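Chains, contacts and geometry: an overview
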Amino acid sequence: LLMEEVGDSVRQLEENGAVGQWNGRKREVSAVTGRICAPYIRRMADCLEGMFPGLSVRVYPIRNDFFGERITVTGLLTGQDIIAQLKGQRLGEELLLPINVLRSGETVLLDDYTVDDISRALQVPVNIVKSSGYDFTETILGRF
């Protein structure tokens, strides 16, 4: 469903003339994901990068050291694993975290790290991506 929604949002952007509105803009962001979803997130990011020259999306699949590396889903990632694996990485202007890493209705991850803790530790603003492909596309592009 996520991939279908990204495809639909891309078609809408083409129909609206948004690609022309991008107009040589530059944007570099990083996206966190569990290892199992990483190929799909990368494929969607590649699609957007192809449509919007100057867009660069780094996809970081996070190994789950907290619960064990056999746990590969995004919803069980922890702040400490994200920080440990992204420290020193090139993250661009923004780090994108999927909403399912957060406790429901909160800005806290399973290990009690907050979004602000991650932002401070990695020295980059953190933006939460809601669960639809439309939200993914909009957040990646920075709501231009």
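Structure report, in brief. (Residues numbered from 1 in each chain as written. Predicted model: local features only at pLDDT ≥ 70, side-chain atom pairs only at ≥ 80, totals over all residues. Heavy atoms only, no water.)

**Describing the sheet that holds strand S4 (residues 126–129)**
With respect to topology, four strands assemble into an open sheet ordered S2-S1-S3-S4, the strand pairing being parallel. Each end of this open sheet is capped by a strand with a single partner; those strands are strand S2 (55–62) and S4. Across the sheet, the axes of successive neighbouring strands diverge by a mean angle of 30°, strand direction being ignored. As defined by bridge partners, strand S3 (residues 94–98) adjoins S4 across four bridges and the pair is classed as parallel. Directly across from Leu95, in S4, lies its bridge partner Val126. Helix-sheet contacts for helix H4 (residues 79–86) involve strand S1 (27–34), S2 and S3, and the interaxial angle to S2 is about 120°. (Pairing = 2+ DSSP bridges. Helix = DSSP H or I, 4+ residues; strand = E, 2+ residues; numbered from the N terminus. Axes fitted to C-alpha atoms, helices over the stretch in contact; angles between N-to-C directions. Contact = heavy atoms within 4.5 Å.)

**Let's talk about the side chain of Glu5**
Following the sequence through the fold, Glu5 ends up in helix H1 (residues 2–16). Of the buried charged residues, Glu5 lacks a salt bridge, with Arg11 as the closest side chain of opposite charge at 11 Å. Apart from residues lying up to four places away in sequence, Glu5 is in contact with Ser132, Gly133 and Tyr134. (Buried < 20%, exposed > 50% of the residue type's maximum accessible area, 1.4 Å probe, protein only. Lys, Arg positive; Asp, Glu negative; His and termini not counted. Salt bridge = Lys/Arg side-chain N within 4 Å of Asp/Glu carboxyl O.)

**Side note on the state of the cysteines**
Within the structure shown, the criterion is met by zero disulfides. Cys37 forms no disulfide, and the closest cysteine sulfur to it belongs to Cys47, at a distance of 17 Å. Given the relative accessible area of 31%, Cys37 is considered partly exposed. (Disulfide = S-S within 2.5 Å.)

**So, the packing of H4 against helix H5 (residues 115–122)**
Relative to each other, H4 and H5 sit at 15°, their axes nearing to 10 Å. In terms of axis orientation, H4 runs roughly parallel to H5. Crossing of H4 against H5: the hand is right-handed. For the pair H4 and H5, the contacting residues are Gly79, Ile82, Ile83 and Leu86 in the first and Asp117, Ile118, Ala121 and Leu122 in the second. (Parallel < 35°, antiparallel > 145°, perpendicular 65-115°, else oblique. Left-handed = near helix turned anticlockwise from the far one by under 90°.)

**Observations regarding H5**
Count 3.6 residues to each turn of an α-helix, and residues three or four apart come out pointing the same way. Three or more residues of H5 are buried, namely Val115, Ile118, Ser119 and Leu122. Along the axis of H5, the buried residues cluster in a sector spanning 100°; they form a single face. Those residues of H5 that are exposed and angled more than 90 degrees off the buried face are Asp116 and Arg120. Next to the buried residues of H5 lie H4, S3 and S4. (Arc of directions from axis to C-beta.)

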